Number of protein chains: 2
Amino acid sequence: MKVYGDRRSGNCDKVRFALDYLGQPYAWIEVDSVQGGTRTPEFLAKNPLGQVPVIEFSDGRCLAQSNAILRHVANGTQLLPTDQWVSAKIDEWMFWEANNHEFFIAGCISCMTYMGMSKSDRSPMRVERGNQALDIMERHLERADWLVETGFTIADIALIAYTRQAHLGGFDMNLRPRLRAWVDRCEHELGLKSEEEAAATP
Amino acid sequence: MKVYGDRRSGNCDKVRFALDYLGQPYAWIEVDSVQGGTRTPEFLAKNPLGQVPVIEFSDGRCLAQSNAILRHVANGTQLLPTDQWVSAKIDEWMFWEANNHEFFIAGCISCMTYMGMSKSDRSPMRVERGNQALDIMERHLERADWLVETGFTIADIALIAYTRQAHLGGFDMNLRPRLRAWVDRCEHELGLKSEEEAAATP
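In this text the structure is predicted, and so the values were computed from the model without any measurement.

J.: Just checking my understanding: could you explain the packing of helix H3 (residues 66-74) of chain A against helix H4 (residues 84-100) of chain A for this structure?
T.: Residue and element names in this part refer to chain A. Look at H3 against H4: their axes get within 10 Å of each other, and the N-to-C directions meet at 155°. With respect to each other, H3 and H4 are oriented roughly antiparallel. Relative to H4, the crossing made by H3 is right-handed. Taking contact as the criterion, the partners of Asn67, Leu70 and Arg71 in H3 are, on H4, Ser87, Asp91, Met94, Glu97 and Ala98. Across the contact of H3 with H4, the residue classes break down as 3 nonpolar, 2 polar and 3 charged.

Right under this line is the structure:
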């Protein structure tokens with residue numbers, strides 16, 4: 001399997017995290033989405049939606065959308081229990097992430113990192129909606145260790161990608177102790193260094 | 001099954017369309033999301049995410065997120081083929097809808113209908129991203145009758161809800177003949193009157 005991705009993208013992190021966790025082999029092909037790498041005719045032939053990540057199988061079949069990829073690669077593994085109700089609750093979090101979390105939080109991170117702007121330059125709408133999303137997660141995690149009660153799943157992987165970077169977008173994680181603890185648990189489960197540890201590594 | 005929904009919401013339409021198509025019985029409970037109906041303690045106990053639609057089973061279990069509901073109610077029906085690759089391509093469209101279509105198009109519709117503002121008051125970002133989304137669908141439908149090659153599925157239902165209303169948000173459907181034809185096909189399949197027919201009905 002080939003994975004076309006941009007190392008700076010949380011959406012691409014999701015796919016790496018899941019494949020590494022499951023021990024599934026893949027070749028990573030770096031695509032610079034900021035410099036037009038997702039707009040070339042070759043790339044658009046793989047994904048007409050013009051976005052990374054994309055996975056490609058040896059027979060040429062391609063699949064895009066990070067959460068759709070998570071669902072596909074996790075089929076039949078512990079990351080996606082077969083129980084239909086558990087699977088539905090995983091979907092609930094993943095569609096919520098796609099619709100109510102990623103756009104707002106990733107947008108603020110992008111503003112303050114790639115675009116080099118300041119906290120006050122962030123879109124007020126994205127700040128408000130991003131804070132709402134993080135507060136919803138904080139409240140849920142007051143009574144749960146993982147997003148879905150059966151344990152660590154692709155719902156956690158879908159949400160950890162941008163949540164662990166939320167401080168880079170100016171969101172205050174110190175206000176959200178349960179969420180911070182969940183981020184730590186996910187990073188431990190995935191064998192990741194925290195963003196802070198990674199920054200401190202020479 | 002109870003469905004909590006707001007009749008004006010395209011996300012709630014998705015659930016109605018699927019259940020009616022499948023002939024699954026349900027009781028519709030109208031919730032006025034504009035007037036705070038999704039912020040009451042009773043409603044938040046059903047869906048802490050504070051949004052319609054929500055489905056509730058007789059044992060009290062609740063599920064939110066329109067596309068997660070579509071996946072759940074379509075399990076084992078012709079609207080969600082069991083083939084894993086077909087299912088993955090359906091997910092690809094549904095996550096794309098949640099992340100790249102709904103927010104932009106529904107936002108423009110809301111601006112020009114509920115909020116009573118004019119075309120020029122729409123967010124330029126939402127207009128641009130909405131047009132991009134409709135153009136991607138138009139290009140895909142140049143070589144396909146349905147979003148996924150096997151036929152009419154929940155991917156079409158997820159996308160028809162707001163696409164058939166896009167003109168109410170100031171988007172020009174006359175520029176997109178393939179998309180218009182797909183809207184007609186979906187409405188025919190679902191036994192719906194078109195938005196124009198409905199408006200002309202006394």
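J.: For this particular structure, what's the right way to read the environment of Met137(B)?
T.: All names here are of chain B. With respect to the helices and strands, the residue Met137 is situated in helix H6 (residues 124-140). Looking at Met137, the relative accessible area reads 0%, which means it is buried. When near neighbours in sequence (up to four residues on either side) are disregarded, Met137 contacts Trp93, Trp96, His101, Leu159, Thr163, Leu179 and Trp182.

J.: Looking at this model, I keep getting lost on the domain arrangement of chain A. Mind explaining?
T.: Where interface size is given, it is often the accessible area lost as the parts come together that is meant. Residues and elements named next belong to chain A. According to the domain assignment, chain A contains domain 1 (2-74) and domain 2 (84-193). Spacing between the C-alpha centres of domain 1 and domain 2 amounts to 21 Å. Of the residues lining the interface, 13 residues belong to domain 1; the matching set on domain 2 comes to 19 residues. Around 1,400 Å² of area is buried between domain 1 and domain 2 when both sides are counted, 61% of it from carbon and sulfur atoms. Considering only the surface of domain 1 that becomes buried against domain 2, Phe17, Tyr21 and Arg71 emerge as the three largest contributors, covering 40% of it. Taken together, the links from domain 1 to domain 2 amount to 2 salt bridges. Arg71 is paired through a salt bridge with Asp91; the nearest N and O atoms lie 2.8 Å apart. Inspection of the domain 1/domain 2 interface yields 10 residue pairs in polar contact (both at pLDDT 80 or more).

J.: What's the story with helix H6 (residues 124-141) of chain A in this structure? I'm lost.
T.: For an α-helix the count is 3.6 residues per turn, leaving residues at separations of three or four pointing the same way. In a regular helix each residue adds 1.5 Å, so 18 residues correspond to 26 Å; H6(A) covers 26 Å between its end C-alpha atoms and thus fits that length. Buried residues along H6(A) sit in contact with H4, helix H5 (102-112), helix H7 (154-163) and helix H8 (177-190) of chain A together with H6 of chain B.

J.: Quick question: what am I supposed to make of the sheet that holds strand S2 (residues 27-30) of chain B here?
T.: Residues and elements named next belong to chain B. Here we have 4 strands laid out as an open sheet, ordered S2-S1-S3-S4, and mixed in their pairing. Bordering the open sheet on either side are S2 and strand S4 (62-64), each of which pairs with just one other strand. Neighbour to neighbour, the strand axes of the sheet diverge by 20° on average, direction disregarded. With 4 bridges joining them, strand S1 (residues 2-5) and S2 adopt parallel strand pairing. Paired with Lys2 across the bridge in S2 is Ala27. Sheet contacts for helix H3 (residues 66-74): strand S3 (54-56) and S4; angle to S4, the most-contacted strand, approximately 125°.

Parameters at a glance
Residues numbered from 1 in each chain as written. Chains lettered and ligands numbered in written order. Predicted model: local features only at pLDDT ≥ 70, side-chain atom pairs only at ≥ 80, totals over all residues. Heavy atoms only, no water. Axes fitted to C-alpha atoms, helices over the stretch in contact; angles between N-to-C directions. Helix = DSSP H or I, 4+ residues; strand = E, 2+ residues; numbered from the N terminus. Parallel < 35°, antiparallel > 145°, perpendicular 65-115°, else oblique. Left-handed = near helix turned anticlockwise from the far one by under 90°. Contact = heavy atoms within 4.5 Å. Nonpolar A, V, L, I, M, F, W, Y, C, P; charged D, E, K, R; others polar. Buried < 20%, exposed > 50% of the residue type's maximum accessible area, 1.4 Å probe, protein only. Domains from an automatic or database assignment. Buried area = accessible area lost by both parts, 1.4 Å probe. Salt bridge = Lys/Arg side-chain N within 4 Å of Asp/Glu carboxyl O. Polar contact = N/O pair within 3.5 Å; in protein donor to acceptor, adjacent residues only side chain to side chain. Expected span 1.5 Å × (residues − 1). Pairing = 2+ DSSP bridges.

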